[in-house]
Amino acid sequence: MSDSHVYPVMPSIAQKAHADEAKYQALYQQSITDPEGFWREQGQIIDWIKPYSNVKHTSFDTGHVDIRWFEDGTLNVAANCIDRHLKDKGDQIALIWEGDDPNDDATLTYQALYEHVGRFANALKAQGVKKGDVVCLYMPMVMEAAIAMLACARIGAVHTVVFGGFSPEALAGRIIDSNAKVVVTADEGVRGGRAVPLKQNVDEALTHPNVKSIEKVVVYQRTGGDIDWHNHRDVWWHEVTENASVDCPAEEMQAEDPLFILYTSGSTGTPKGVLHTTGGYLVYAAMTFKYVFDYQDGEVFWCTADVGWITGHSYLVYGPLANGAKTLLFEGVPTYPTTARMSEVVDKHQVNILYTAPTAIRALMAKGNEAVAGTQRNSLRIMGSVGEPINPEAWEWYHSTIGNQACPIVDTWWQTETGGILITPLPGATPLKPGSATRPFFGVQPALVDNMGNLLDGATEGNLVMLDSWPGQMRTVFGDHDRFEQTYFSTFKGMYFTGDGARRDQDGYYWITGRVDDVLNISGHRMGTAEVESALVAFNKIAEAAIVGVPHDIKGQAIYAYITLNAGEVPSAELHKEVKEWVRKEIGPIATPDFIHWTDALPKTRSGKIMRRILRKIATGETGSLGDTSTLADPSVVDKLIAEKESVV
Ligand code: 6R9
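Now for a look at the structure at hand. Everything numeric in this text was worked out from a predicted model, so none of it was measured. (Residues numbered from 1 in each chain as written. Predicted model: local features only at pLDDT ≥ 70, side-chain atom pairs only at ≥ 80, totals over all residues. Heavy atoms only, no water.)

### Here we look at the sheet that holds strand 21 (residues 446-449)
In step 1: The antiparallel open sheet is built from four strands, whose spatial order is 21-22-24-25. The strands lining the two open edges of the sheet, one partner per strand, are strand 21 and strand 25 (510-515). Mean inter-strand twist for the sheet, computed between neighbouring axes without regard to direction, equals 45°.
In step 2: By the bridge criterion, six bridges tie strand 22 (residues 460-466) to strand 24 (residues 496-504) in an arrangement that is antiparallel. Within strand 24, the residue paired with Thr460 across the bridge is Arg504. (Pairing = 2+ DSSP bridges. Helix = DSSP H or I, 4+ residues; strand = E, 2+ residues; numbered from the N terminus. Axes fitted to C-alpha atoms, helices over the stretch in contact; angles between N-to-C directions.)

### What about the state of the cysteines?
In step 1: Here the structure, examined in full by the defined rule, presents zero disulfides.
In step 2: Take Cys81: it sits in no disulfide, and the sulfur closest to it among the cysteines is that of Cys152, at 13 Å.
In step 3: We classify Cys81 as buried; its relative accessible area is 0%.
In step 4: Cys407 takes part in no disulfide bond, and the closest cysteine sulfur, belonging to Cys303, lies 17 Å away. (Disulfide = S-S within 2.5 Å. Buried < 20%, exposed > 50% of the residue type's maximum accessible area, 1.4 Å probe, protein only.)

### A closer look at the sheet that holds strand 29 (residues 556-565)
In step 1: The mixed open sheet is built from three strands, whose spatial order is 28-29-30. The sheet is open, and its two borders are formed by strand 28 (542-552) and strand 30 (595-598), each paired with just one other strand. On average, adjacent strands in this sheet sit at an angle of 25° to one another, irrespective of strand direction.
In step 2: With four bridges joining them, strand 29 and strand 30 adopt parallel strand pairing. From the neighbouring strand, Ala561 faces strand 30, where its bridge partner is Ile596.
In step 3: Lying on the sheet, helix 17 (residues 529-537) is in contact with strand 28 and strand 29; it crosses strand 28 at an angle near 145°.
In step 4: Lying on the sheet, helix 20 (residues 636-645) is in contact with strand 29 and strand 30; it crosses strand 30 at an angle near 135°. (Contact = heavy atoms within 4.5 Å.)

### Some remarks on the site of the ligand
In step 1: Every one of the 17 residues lining the ligand counts as a neighbour, but Asp411, Thr412, Thr416, Asp500 and Arg526 are closest to it.
In step 2: The separation between a nitrogen atom of the ligand and a polar main-chain atom of Pro389 is 3.3 Å.
In step 3: Contact between the ligand and Asp411: a nitrogen atom at 2.7 Å from a side-chain N or O atom of the residue.
In step 4: Surface burial for the ligand is 96%, taken as the share of its 530 Å² of free accessible area covered by protein chains.
In step 5: Those elements giving two or more residues to the shell around the ligand turn out to be helix 12 (310-322) and strand 25. (Near = heavy atom within 4 Å. Polar contact = N/O pair within 3.5 Å; in protein donor to acceptor, adjacent residues only side chain to side chain. Areas by Shrake-Rupley, 256 points an atom, 1.4 Å probe, with all protein chains shown as cover.)

Now the structure itself:
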């Protein structure tokens, strides 16, 4: 990479930043040579009820994976995100809400947030929720989503947020696995001018024969649209909070008590319940928020992610509020009602820090200057990117067009499993290279290994692993510790395997190349090929299916589905539609196949394994480099597939 592509640190940013280069180097060194001492100090970024004496107790040894941080300390997350700011910031804004309709907005001060959370926490208790119970949140992007998360944290209940775009079937699966006692939802959500039937989806999910744990459904009235009502089970948010006391003591939690479960897709099986705990998660979310976004008192921070994803947990709610920040929650989509909506919101609320995803940036870039029409965006100081690799063109456009060439871009690499950002620039410390997530955050030890697990030195490419733990790391797969070990610690012994590949350049910068397992990244959303395949084969006309990802200009990746029908069924435009509808219903719109390739036979080895490598090449048209096909049970299927590709839509 030539120097012309390096953006040096801006002196104006470095001057007042929480960390400049010298400080980054010093703190990073300390964090690696003396992790105990480093985190003992940094753990003070939050308030503890009972101070910790043990800092780090972690093992990545297969068979004995055990991760504990600040183990003997106690604290409450909601008290850290709200109560401790009341004295100095009670009348300052905590939450800014921007509705789907540009005329709808609202704010809550820290004092008002305290009251709302207290009331809802008491309401949850009155509905029978106790410390340790799981509460499922299936919410639109309204302030009540954040309030409900914090109310759970306040009383020691474990929340599991399910993205409002998931289907009743997917919601049911998560309720069953987590054994949730209560669902909190809204009558309808609103996105891009359209209503999303959340309550109806909950009703449908709860008819699933294996959903047995739900006792109550709390419904927030967002639109007043028509919904079915079940008197024995359903209660209105406004009714249960009406007479509830504001006063709700914050439960004293152990550092390793669960805070939340968040389901995410992997390369095999059903989505995994990623479990995060209380102390380490909050320390890590708070600290990364402060340093990565260089948050300065009074600034407005806008993370465009939905609360249904980890980014919404760590950088819409917990990280910002733990720092006493002003955090903006947006109900809508970046291009509604106008292409310039994102820029308009930046101007309207004078956003200082904007955190969004490459897929949104590429969608706006495709519209050119329309995306900034009539806006200034002069309030912006720092911009971030997350969710997938950002291509240098999109980076440059984001930098010049949205950011007026005035803002450093932090390309933050991390995962649901990591709880917070692991590889990232720091605005006041790191020279930027468009397309590179750059260097590790404090306490993070990335490494690259070959397929045998040998550590690779210097400028090279390989599988991205972590050699040691950090406080925000997931602790287990909910209810299945073996699966946790199998998934993350068995591929390369003694190391956490991320599932991503990466390149490291001569300056030690990391360039994430994407997943090396069977996980797709569609518009920054993770989707396991196995998950989509099992939804497809559950359709009564489908015999077999294989999914691969193909490059897509805006979404990053698109879903290409190879489908074999049952005997007697014939492909048709009608069936094409039916199949897509089916997947939307089974998982949700984000899993809908973009291309369907009807075929009679998939390329299989003699032992019956589908050779995805070949399917990937055929789907992307790289048929000149198919590699060895001699191990196929029937090599002639390859020519057939190539010929069929002509008619794929
Ligand atoms: C936070 C989040 C995790 C996967 C991860 C990787 C991809 C995320 C990235 C990135 C390149 C970045 N990913 N950030 N790839 N550069 N800055 O997205 O969590 O939904 O669990 O996805 O997303 O492939 O493994 P999650």
